[in-house]
Amino acid sequence: MVDVVSPEVRSRMMSGIRGKNTKPEIKLRKSLHAEGFRFRIHAPLPGKPDLAFPRRKAVLFVHGCFWHGHHCHLFKWPSTRTDFWRAKIEGNVARDAMNIGKLEGSGWRTGVVWECALKGRARVDFPDAIKRCAEWLKSDERRFELSGEDRCATECLPTTLKASRSNG
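This report concerns the structure included in the present document. Treat the numbers as computed from the prediction; the structure is a model and nothing was measured. (Residues numbered from 1 in each chain as written. Predicted model: local features only at pLDDT ≥ 70, side-chain atom pairs only at ≥ 80, totals over all residues. Heavy atoms only, no water.)

Observations regarding the overall build of the protein chain
So, point 1. Broken down by element type, the protein chain carries seven helices and five strands.
So, point 2. Start at the N end of the protein chain and walk to the C end: the helices and strands fall as α-α-β-β-β-α-β-α-α-β-α-α.
So, point 3. Out of the 168 residues in the protein chain, the part that is buried amounts to 39%.
So, point 4. Taking as baseline every contact in the protein chain between residues at least 6 positions apart, the subset at least 24 positions apart corresponds to 59%. (Helix = DSSP H or I, 4+ residues; strand = E, 2+ residues; numbered from the N terminus. Buried < 20%, exposed > 50% of the residue type's maximum accessible area, 1.4 Å probe, protein only. Contact = heavy atoms within 4.5 Å.)

Description of the nonpolar core
So, point 1. With 21 residues, the main nonpolar core has L28, L32, F53, L60, V113 and L146 as its most contacted residues.
So, point 2. When residues of this core are traced back to their parent elements, those giving at least two are α2 (23-34), β2 (51-53), β3 (58-63), α4 (115-118), α5 (126-138) and β5 (143-146).
So, point 3. For L32, the residues in contact, after removing those within four places along its chain, are F37, F39, L51, F53, L60, I130, C133, A134 and L137.
So, point 4. Counting residues in hydrophobic clusters, the runner-up holds twelve residues, among them I100, W108, W114 and C116. (Core = buried A, V, L, I, M, F, W, Y, C linked by side-chain atoms within 4.5 Å.)

Focus: unusual backbone geometry
So, point 1. A positive phi angle is found at K57, which is not glycine, with a value near 50 degrees.
So, point 2. Positionally, K57 belongs in the loop between β2 and β3.
So, point 3. We classify K57 as partly exposed; its relative accessible area is 33%.
So, point 4. With a phi angle near 50 degrees, R81 is a residue other than glycine that sits in the positive phi range.
So, point 5. Here R81 lies in the loop between β3 and α3 (82-105).
So, point 6. Exposure remark for R81: the relative accessible area of 56% places this residue in the exposed category.

A short note on the packing of aromatic side chains
So, point 1. A complete count under the given rule lists nine aromatic pairs for this structure.
So, point 2. Between F75 and W77, the aromatic rings sit 4.9 Å apart at their centres with planes inclined by 80 degrees, giving edge-to-face as the arrangement.
So, point 3. W77 gets classed as partly exposed once you look at its relative accessible area, which sits at 27%.
So, point 4. Between W136 and F144 the ring centres are 5.4 Å apart and the planes differ by 20 degrees, which places this aromatic pair in the stacked class. Each member of the pair, W136 as well as F144, is classed as buried.
So, point 5. Through a chain of ring-to-ring contacts, three or more aromatic side chains come together here, namely F66, W67, F75, W77, F84 and W85.
So, point 6. Just above the ring of F126 sits the side chain of K27; from NZ or CZ to the centre is 4.4 Å.
So, point 7. It is R86 that lies over the ring of W77; its NZ or CZ is 4.0 Å from the centre. (Phe/Tyr/Trp six-rings, centres within 6.5 Å; stacked < 30°, edge-to-face > 60°. Lys NZ or Arg CZ within 6 Å of the ring centre and 35° of its normal.)

As for the sheet that holds strand β4 (residues 109-114)
So, point 1. Spatially, the five strands line up as an open sheet ordered β1-β2-β3-β4-β5, and their pairing is mixed. Looking at strand neighbours, the two that pair on one side only are β1 (40-41) and β5, the edges of this open sheet.
So, point 2. Relative to β5, β4 runs parallel, the two sharing four bridges. In the strand pairing of β5, V113 is matched with L146.
So, point 3. Contacts between α2 and the sheet are confined to β1, β2, β3 and β4, with β3 contributing the most and set at about 145 degrees to the helix.
So, point 4. Packing of α5 onto the sheet brings it into contact with β2, β3, β4 and β5, and relative to β5 it is tilted by some 175 degrees. (Pairing = 2+ DSSP bridges. Axes fitted to C-alpha atoms, helices over the stretch in contact; angles between N-to-C directions.)

Describing the pattern of salt bridges
So, point 1. Applying the stated criterion across every chain yields a total of six salt bridges.
So, point 2. A salt bridge links R29 to E25; the nearest nitrogen and oxygen atoms lie 3.0 Å apart. Taken together, the residues span about one helical turn, with R29 and E25 both in helix α2 at a distance of four residues. Summarising the burial analysis for this pair, R29 and E25 share the class buried.
So, point 3. With a shortest N-O distance of 3.2 Å, E115 and K119 are connected by a salt bridge.
So, point 4. Accessibility expressed as a relative area gives 43% for K119, which makes it partly exposed. (Salt bridge = Lys/Arg side-chain N within 4 Å of Asp/Glu carboxyl O.)

Here you go:
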């Protein structure tokens, strides 16, 4: 199938997609800061976590469901250039698993807040999302995951990440 826009327009559209300082990330940062949490943004750690809480030895990633292969209502495999997109997204998922493994191996607690938890039809009530993040940050729990599907952590993970977590 041929793209409906010119390569120049597609390039401009794709270059406008942010990799950091996204709206969900900023919204989460502002709310956690208002709750009294202090953090570093885009710390020089494996995977460049969106939020790092050195005092609590915890990191939070704010993952976009499409780019990180979360199988929720916001994720849909593209119908064009399927081989490219499958390799791209599966590579992102594998890299995420590797980086989480490195962080956990270094003693960091890891959390993932999925885009679908903050937007879309299955989103979590935002004050509840902040409360759950805050409770995790104050706890000693090693892992945390918040998704709009609100199922148990491993049920929501992409297949590659499930395998890496069940082995470790």
